[in-house]
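Descriptive analysis of the structure
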Amino acid sequence: MTIRRFLLATPLYIILTALGLLFLVPLLWPILASFNPVATLALEIPAHPSLDNFVTIISNGTVTQPFTNSLILGVSTMLLTIVLSGLAAYPLSRYQFRLKRLLMYGILFASALPVLALITPLYAMYTTLNLQDTLQGCILFFVASALPFSIWLMKNFLDTVPFELEEAAAIDGASTFRALWHVVLPLAAPGIAVVGVWSFLGAWTNFFVPLIILQSQNLLPASVTIYSFFGAYGQINYGQLAAFAMLYALPAVALYTLVSRFFVKGISGGLKG
Amino acid sequence: MQLKAQVDGVKPVSMRTSRRQRRLRTGLLFMLPALLVTFIFMLGPAIWSLYISLTNMSLTGVGAATPEWVGFQNFQMIFRDGEFLNALRVSLTYLVFSALIGQALLGLLLALLMRKRNPVFKSILGGIVVVAWVIPDVVAGFLWSSFLAGGPQSVLSPGLLNVIMSTLTMPQHAWLQEYPMTMIIIANIWRGTAFSMLLYASGLEAIPNDLLEAAAIDGASPWVRLRSIILPLLKGTIATDLLLITLSTLSDFTLVYVLTGGSNLQTELMTIYQYRQAFQFYQIGYGSAIALLIIVVGAILSMLYIRILRIEL
């Protein structure tokens, strides 16, 4: 039995390892190049691996402005999305009212729309509203496009926090606010974390929206700067570009790892309604 | 007034009613900011696009100073515009091969094969696949253009794929110029498979192990178990996955734009065509009409998706 299982499992491991290698291969170059001060487009093990590329782009200020802008976009989007979706999800989870069903369907419908395609009319609208070429303009659009799905997720997470707990706290004399703060919030923390990370990354990684809405050099986030670096083919320092890309991708990977446990559960649970 | 209309089954007991009303008022107040932001910044551009798609608004020329009402001219133009039809075809090809076939099948395969494997192995493999999915779009585009760089006439040093090709004594290619469509499809499969894999893995977890073991004892081959137990039970997950990846692929822009520079007709997605019309040829009205069409396709699919899944609220 053990031998049979072993014989059955080995080819599977070989197939899976091969697939894993295919996924790994495109990731190799930037990792190696970022530690190689004399990197080219070719893949090579650095002869003298060092952190020079990282040190250079951090100390000469290449990183500062774009990363600050990306951080402003990401953090503002995250905070606004958490607060607005949390507030909106609470009554949807706790109260019964006539338009609730319709509203939930509307939210679900909106969350599936390919909103990013709306960028051209958004630009036209922003020129009229004077929001064009501002970080606020980007943030508001990020928040609006993140809200439907965030409300949906947040409501489903809140549904898992029993209402009786709040009532018990109220009977014990806690005000509504205290009950929310001390009872509901800690229990809804995974939901808040998922919504926060999801909306932060949406803004942090977005390229299309800032590419069109922003023109001023000093407002451009990392996604756009890295693209214009890359556009200057040939004359660039590949090692530094790779280091820049690594620094830029790092928060995405780290934050996702942090909430991955709840993430899929939130999404698939959220979709089952 | 609005509040009153929403009070459900008003009871004659005044104490209860006032408590309910107070709650509803708080509830509405809580929801208001989120609804406002969504209405203005999501429905706003949608409605705006409806308006400007009926004008000849542009960033330069006649349509810049005083946009004129042109009725459905933009839409009539779209359906006679060879380049739009080309973009539609490109978008659909990209959708079918990279998302519906590539990501969904590979995701399902990975999720199935990874069941009951060694946990350490599983987390390393899963981790690699997921990294491809969580890194920013621009970085993914950058990785792939360095991976595919070079070629026989290129002045740039060859990327890894061409190095591998020459090691195997096979001819080098300028991959992105010679096979642009195949390359963006492969790159998008690489990028998006993790999402399908995670969704299917969580769907598979819900299938009781006893069921599969019992079938195995009864002599059902792995293929039969897959076809008559696993796939029927995964139906909901599969529908969810297909629709979600369809909708996200429809609004894809960055990966393909970064890889191809956005000016290759063979890989010009509808989103890229919209961008070029609006921001390279300054035809904002026409670009908005295209945006509206993409949204309408998305809206139809989205409704379909809610129907198919028969989501219970």
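Here the structure is a predicted model, which means the values were calculated and not measured.

1. Describing the overall build of chain A
Looking only at helices and strands, chain A has 12 helices and zero strands in total. Overall, chain A shows an N-to-C arrangement of helices and strands of α-α-α-α-α-α-α-α-α-α-α-α. Per-residue burial over chain A gives 46% buried out of 273 residues. Contacts spanning at least 24 positions in sequence make up 77% of the contacts within chain A whose residues lie at least 6 apart.

2. Concerning the overall build of chain B
When you go through chain B residue by residue, the secondary structure sums to 16 helices and zero strands. Its C-alpha atoms give chain B a radius of gyration of 26 Å, more than 25% over the compact-globule value 20 Å for 313 residues. Taken along its principal axes, the extent of the C-alpha atoms in chain B is 85 × 75 × 30 Å. Taken across its 313 residues, chain B has 44% of its residues classed as buried. Contacts spanning at least 24 positions in sequence make up 65% of the contacts within chain B whose residues lie at least 6 apart.

3. Describing the packing of helix α5 (residues 82–114) of chain B against helix α10 (residues 180–205) of chain B
Helices that pack against each other are described as a pair by the angle of their axes relative to one another and the distance between those axes. Residues and elements named next belong to chain B. The N-to-C vectors of α5 and α10 enclose an angle of 40 degrees; their axes lie 6 Å apart at closest approach. As far as their axial angle goes, α10 and α5 are oblique. Note on packing geometry: the crossing formed by α5 with α10 is right-handed. Along the lines of polarity and charge, the residues of the contact of α5 with α10 split into 17 nonpolar, nine polar and no charged.

4. Here we look at unusual backbone geometry
Most peptide bonds take the trans form, and the phi angle of most residues other than glycine is negative. Not every positive phi belongs to a glycine, and A:N130 is a case in point at roughly 60 degrees. Structurally, the position occupied by A:N130 is in the loop between α5 (119–129) and α6 (135–159). Within the chain, B:K116 stands out as a residue other than glycine whose phi angle is a positive 60 degrees. Inspection of the secondary structure assignment puts B:K116 in the loop between α5 and α6 (119–134).

5. Topic: the interface of chain B and chain A
In this assembly, 77 residues from chain B lie in contact with 74 residues from chain A. The element contributing the most residues to the side of chain B that touches chain A is helix α2 (residues 14–52) of chain B, with 17 residues. By residue class, the composition of the side of chain B that touches chain A is 54 nonpolar, 18 polar and five charged.

6. Examining the confidence of the model for chain B
All names here are of chain B. Overall, the prediction assigns chain B a mean pLDDT of 83, with 90% of residues at 70 or greater. No element of chain B has a lower mean pLDDT than helix α1 (residues 2–6), which averages 44, and none a higher one than α5, which averages 93. Contacts for the low-pLDDT stretch residues 1–13, under 50 throughout, to residues beyond four places or in other chains number 17 contacts. If you check the scores for this complex, the pTM reads 0.86 and the ipTM reads 0.85.

7. Concerning the nonpolar core
One finds A:L118, A:V143, A:A245, B:V139, B:L259, B:L269 and B:I290 to be the most contacted residues of the largest nonpolar core, which totals 163 residues. Take this core: its biggest share by element is 16 residues, from α6(A). When near neighbours in sequence (up to four residues on either side) are disregarded, B:I290 contacts B:I78, B:F84, B:M270, B:Y273, B:Q274 and B:Q277.

8. Here's the deal with helix α4 (residues 100–112) of chain A
Across its 13 residues, α4(A) extends 19 Å between first and last C-alpha, which sits within 8% of the 18 Å expected from 1.5 Å per residue. Buried within α4(A) are the following residues: A:I107, A:L108, A:A110, A:S111 and A:A112.

About the thresholds
Residues numbered from 1 in each chain as written. Chains lettered and ligands numbered in written order. Predicted model: local features only at pLDDT ≥ 70, side-chain atom pairs only at ≥ 80, totals over all residues. Helix = DSSP H or I, 4+ residues; strand = E, 2+ residues; numbered from the N terminus. Buried ≥ 20, exposed ≤ 12 C-beta atoms within 10 Å, placed from the backbone. Contact = placed C-beta atoms within 7 Å. Rg over C-alpha atoms; globule rule 2.2 N^0.38 Å. Axes fitted to C-alpha atoms, helices over the stretch in contact; angles between N-to-C directions. Parallel < 35°, antiparallel > 145°, perpendicular 65-115°, else oblique. Left-handed = near helix turned anticlockwise from the far one by under 90°. Nonpolar A, V, L, I, M, F, W, Y, C, P; charged D, E, K, R; others polar. pLDDT = per-residue confidence, 0-100. Core = buried A, V, L, I, M, F, W, Y, C linked by C-beta atoms within 7 Å. Expected span 1.5 Å × (residues − 1).

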